[in-house]
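Commentary on secondary and tertiary structure
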Amino acid sequence: MASSKEVCIFLAGAACGAATVSLLAVRSADLTARGAATKRAMGHSMEAEDSGRRNPDDLARLFVSPALLRVSQLLLQTGLAPPHLRYGSMTARTKFCDQVVLESVDAFGPNCQLVVLGAGFDSRSLRFKSQLESAHVVTFEVDRRIVLNAKRERLEAAKVKPNPLVRYVDFNFNTEPGEASLISSLVAAGYRTDTKTLFLLEGVTYYLDPHVLDNLLMELQAGSCPGSRLAFDYLFQSVLDGTCTAPAAKGWKASLARTGNDVRTGIDPELLPVWAENRGMTIVKHIADDGDLRRQFLGVTADDADKLTRRCWDSLGIFGLILVQLKAPDAVDSKATGSEVKATQSTEQPPRSVEQLATPRTLGYSF
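Residues numbered from 1 in each chain as written. Predicted model: local features only at pLDDT ≥ 70, side-chain atom pairs only at ≥ 80, totals over all residues. Heavy atoms only, no water.

**Quick word on the packing of aromatic side chains**
According to the stated counting rule, one finds nine aromatic pairs in the structure shown. Centre to centre, the rings of Phe 63 and Phe 121 are 4.7 Å apart; their planes meet at 5°, and the pair counts as stacked. Taken together, the residues Phe 63 in the loop between α1 (4-45) and α2 (66-77) and Phe 121 in the loop between β1 (113-117) and α4 (124-127) connect sequence positions 58 residues apart. On the basis of relative accessibility, which here comes to 2%, the residue Phe 63 falls in the buried class. Seen from the ring of Tyr 168, Arg 152 lies directly overhead, with NZ or CZ sitting 4.6 Å from the centre. (Phe/Tyr/Trp six-rings, centres within 6.5 Å; stacked < 30°, edge-to-face > 60°. Helix = DSSP H or I, 4+ residues; strand = E, 2+ residues; numbered from the N terminus. Buried < 20%, exposed > 50% of the residue type's maximum accessible area, 1.4 Å probe, protein only. Lys NZ or Arg CZ within 6 Å of the ring centre and 35° of its normal.)

Here it is, written out as structure tokens:
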């Protein structure tokens, strides 16, 4: 039988191990946020204002150390930058989401809501401050506390006047059963389930396990007003299964793995309409072709892209951008089967209240 001292040592070691894993996960979230801000800052600083390639986020630099930004710029200028530092797809993603925010605020009218999921160092509440304030749009920025605190500290240090209509919500997407749900956490911060809302899920979906993503989508369906929208980017399934022929696929995935980010979920762009419909969503916009992304958001032709590939066209051809309108939860066909989406269990249940959402359920979709 182990002595009480040995038991104490074992328990202490286990606790330290659990704390270390938790700390690494939180630290990874912080690094991911800084990495995205670095790419936005490079996309803004390295492109001419009238080039059509410039990232519109002029505040991203506030969240990046000048030394890191300069080293990253030098690597890009010499063509030695690894895939995760190149910023072409980030610029397209930023412009797409910017466009969606402004269009949705205009379509929804005054007193709507903006929820930025996995917000990181998102700056739209500041860059669009006048538009959001004049329309009385309350913005909820959702992320882990360490990221939200770091953001506030940087903004305070830079003496940037905050948007008074922003609410910070500490939340971990990988919640355990019994923990507060996303919607209940938002409601506690002032979110209204009877108000049209735009949800942004930028740079998040591929880091979530499939069942976690499905739980999140169901929560948004049950906890949002009819007519609300969701915008997100997604990784092609072919990148995960190794069949993607795009030059960026292999290098991008390996580069992310070296930084501690594990990609977990992909979607086949050709089957996306069925994927969305089976999850109760109606597609409003969908852009997956790299040529369309270049033309619409980067203002370049294929020839231009070839010349600039080593500098910035990192992951065009492996990502898609989508805007959907959310439906009522009972519109979700959780029995859908076929080659595109296979349901592993039937989950026909009535819509849940906000209180019931505190315990997420799994839809059982497989990709």
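**Points about the pattern of salt bridges**
Counted under the stated rule, the structure contains 17 salt bridges. Ionic pairing is found between Asp 57 and Arg 40, a salt bridge with its closest N-O pair at 2.8 Å. Placement of Asp 57 in the loop between α1 and α2 and of Arg 40 in helix α1 is noted, with a sequence separation of 17 residues between them. Residue classification places Asp 57 among the buried positions, given a relative accessible area of 2%. For Arg 40, a relative accessible area of 8% puts it in the buried group. Across the pair Glu 103 and Lys 285 runs a salt bridge, and its minimum N-O distance is 2.7 Å. Of this pair, Glu 103 sits in helix α3 (residues 88-108) while Lys 285 sits in strand β6 (residues 281-287), placing them 182 residues apart in sequence. Glu 103 gets classed as partly exposed once you look at its relative accessible area, which sits at 36%. Take Lys 285: its relative accessible area is 22%, and that puts it in the partly exposed class. Each of Arg 40, Asp 57, Arg 93, Asp 98, Asp 122, Arg 124, Arg 127, Glu 202 and Asp 233 takes part in one network of salt bridges that share partners. (Salt bridge = Lys/Arg side-chain N within 4 Å of Asp/Glu carboxyl O.)

**Observations regarding the pairing of strand β3 (residues 166-170)**
Consecutive residues of a regular strand have side chains that alternate between opposite faces of the sheet. Pairing analysis gives five bridges linking strand β2 (residues 138-143) to β3, with the strands arranged parallel. Bridge pairing in β3 places Asp 143 opposite Asp 170. Remark: the β2/helix α6 (residues 145-157)/β3 crossover connection has right-handed handedness. (Pairing = 2+ DSSP bridges. Right-handed = clockwise from strand over helix to strand, strands pointing away.)

**Description of helix α12 (residues 290-298)**
Along α12, the residues classified as buried are Gly 291, Leu 293, Arg 294, Phe 297 and Leu 298. Sitting at the head of α12, Asp 289 places a side-chain oxygen 3.0 Å from the backbone nitrogen of Gly 291. A positive backbone phi angle near 60° is found at Gly 299, which sits one or two residues after α12. (Polar contact = N/O pair within 3.5 Å; in protein donor to acceptor, adjacent residues only side chain to side chain.)

**Quick look at unusual backbone geometry**
At His 136, a position not held by glycine, the phi torsion is positive, near 55°. The backbone of Lys 159 sits at a positive phi, close to 60°, despite the residue not being glycine. Structurally, the position occupied by Lys 159 is in the loop between α6 and β3.

**A short note on the side chain of Ser 228**
Following the sequence through the fold, Ser 228 ends up in the loop between α8 (210-222) and β5 (229-235). For Ser 228, the side chain forms a polar contact with the main-chain nitrogen of Thr 197, separated by 3.0 Å. With near-sequence residues (within four places) excluded, Ser 228 lies in contact with Phe 108, Thr 195, Lys 196, Thr 197, Phe 199, Val 324, Gln 325 and Leu 326. (Contact = heavy atoms within 4.5 Å.)

**Considering the nonpolar core**
By size, the foremost hydrophobic cluster in this structure holds 44 residues, and its most contacted members are Leu 117, Leu 186, Leu 230, Trp 275 and Ile 318. The dominant element in this core, judged by the number of residues it contributes, is α8, at five residues. In contact with Leu 186, other than residues within four places in its own chain, are Val 115, Phe 140, Val 142, Val 169 and Tyr 191. (Core = buried A, V, L, I, M, F, W, Y, C linked by side-chain atoms within 4.5 Å.)

**Brief notes about the pairing of β5**
Within β5, seven of the seven residues are buried, which leaves the element mostly enclosed by the surrounding structure. Burial along β5 is two-sided: the residues Arg 229, Ala 231, Asp 233 and Leu 235 and Leu 230, Phe 232 and Tyr 234 are all buried. Here seven bridges tie β5 to strand β7 (residues 319-326), and the two strands are oriented antiparallel to one another. Bridge pairing in β7 places Asp 233 opposite Leu 321.

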